[in-house]
Amino acid sequence: QVQLVESGGGLVQAGGSLRLSCAASGLISSLNAMGWYRQAPGKQRELVAGISTSGNSIYADSVKGRFTISRGNAKNTVYLQMNSLKPEDTSVYYCAADRNLPEVARGPRYWGQGTQVSVSS
């Protein structure tokens with residue numbers, strides 16, 4: 001079993017920055033990719049960014065140039081640096097993990113509980 005725990009959400013003004021963190025624990029030896037999804041009220045959950053252990057990364061078009069995903073020195077951590085935040089970035093952000101990046105993008109097996117990010121105009 002794998003547990004994912006997010007932290008770092010909060011309220012910020014438009015144009016501001018936040019950094020989300022996620023730590024994985026449990027049976028993490030098979031996890032070679034992690035990512036972030038978000039879901040706003042009334043909308044479908046969408047992939048924000050993903051990264052593999054080899055450093056390959058993917059981003060949603062809506063966040064390219066503003067958000068950066070990275071992994072910590074330990075295999076079990078992933079970060080999302082969010083700059084130039086917009087009100088439309090307001091969502092619950094979920095950490096996700098699976099065995100490879102395509103699986104993270106298609107529909108990961110493991111999810112965190114989510115952290116709220118609110119951007120005021």
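Note that this is a predicted model, so its numbers are computed, not measured.

Trainee: Can you tell me about the sheet that holds strand β8 (residues 77–82), naming the residues and giving the values?
Mentor: Overall, antiparallel pairing links the four strands, which are arranged β1-β3-β8-β7 in an open sheet. Looking along the sheet, the strands with just one partner apiece sit at the ends: β1 (2–7) and β7 (67–71). Shown here is a sheet whose adjacent strand axes are inclined to one another by a mean of 15°, direction ignored.

Trainee: Residue-level account of the pattern of salt bridges, with values.
Mentor: Across all of its chains, the model carries seven salt bridges by this definition. For E46, the salt bridge identified is with R38, shortest N-O distance 2.7 Å. Overall, the relative accessible area of 35% leaves E46 in the partly exposed class. With a closest N to O distance of 3.4 Å, E103 and R99 form a salt bridge. Exposure remark for R99: the relative accessible area of 49% places this residue in the partly exposed category. A single network of salt bridges, built from pairs that share partners, joins R38, E46, R66 and D89.

Trainee: Could you give an account of the nonpolar core, with specific residues and numbers?
Mentor: Ranked by internal contacts, the top residues of the largest apolar core, which has 27 residues, are L4, W36, L80, M82 and Y93. Among the secondary structure elements, those contributing two or more residues to this core are β1, β3 (18–26), β4 (33–39), β5 (46–52), β7, β8, β9 (91–98) and β11 (115–120).

Trainee: Describe the environment of Q3, and please don't skip the residues or the numbers.
Mentor: Turning to its location among the elements, Q3 is positioned in strand β1. The class for Q3 is partly exposed, based on a relative accessible area of 35%.

Trainee: Tell me what's going on with the packing of aromatic side chains, and back it up with residues and numbers.
Mentor: This structure, assessed with the given rule, holds two aromatic pairs. Between Y94 and W111 the ring centres are 6.4 Å apart and the planes differ by 85°, which places this aromatic pair in the edge-to-face class. Placement of Y94 in strand β9 and of W111 in strand β10 (residues 110–111) is noted, with a sequence separation of 17 residues between them. Using a relative accessible area of 13% as the deciding quantity, one classes Y94 as buried. On the basis of relative accessible area, W111 is assigned to the partly exposed category, the value being 32%.

Trainee: Mind laying out the state of the cysteines, listing which residues take part and the relevant values?
Mentor: Overall, the coordinates contain one disulfide when judged by the stated rule. The residue that forms a disulfide with C22 is C95, at a sulfur-sulfur distance of 2.1 Å. Across the disulfide from C22 to C95, rotation about the S-S bond amounts to roughly -85°, and the bridge is consequently left-handed. Taken together, the residues span a long stretch of sequence, with C22 in strand β3 and C95 in strand β9 at a distance of 73 residues. Residue C95 is classed as buried on the basis of its relative accessible area, which comes to 0%.

Calculation rules
Residues numbered from 1 in each chain as written. Predicted model: local features only at pLDDT ≥ 70, side-chain atom pairs only at ≥ 80, totals over all residues. Heavy atoms only, no water. Pairing = 2+ DSSP bridges. Helix = DSSP H or I, 4+ residues; strand = E, 2+ residues; numbered from the N terminus. Axes fitted to C-alpha atoms, helices over the stretch in contact; angles between N-to-C directions. Salt bridge = Lys/Arg side-chain N within 4 Å of Asp/Glu carboxyl O. Buried < 20%, exposed > 50% of the residue type's maximum accessible area, 1.4 Å probe, protein only. Core = buried A, V, L, I, M, F, W, Y, C linked by side-chain atoms within 4.5 Å. Phe/Tyr/Trp six-rings, centres within 6.5 Å; stacked < 30°, edge-to-face > 60°. Disulfide = S-S within 2.5 Å.

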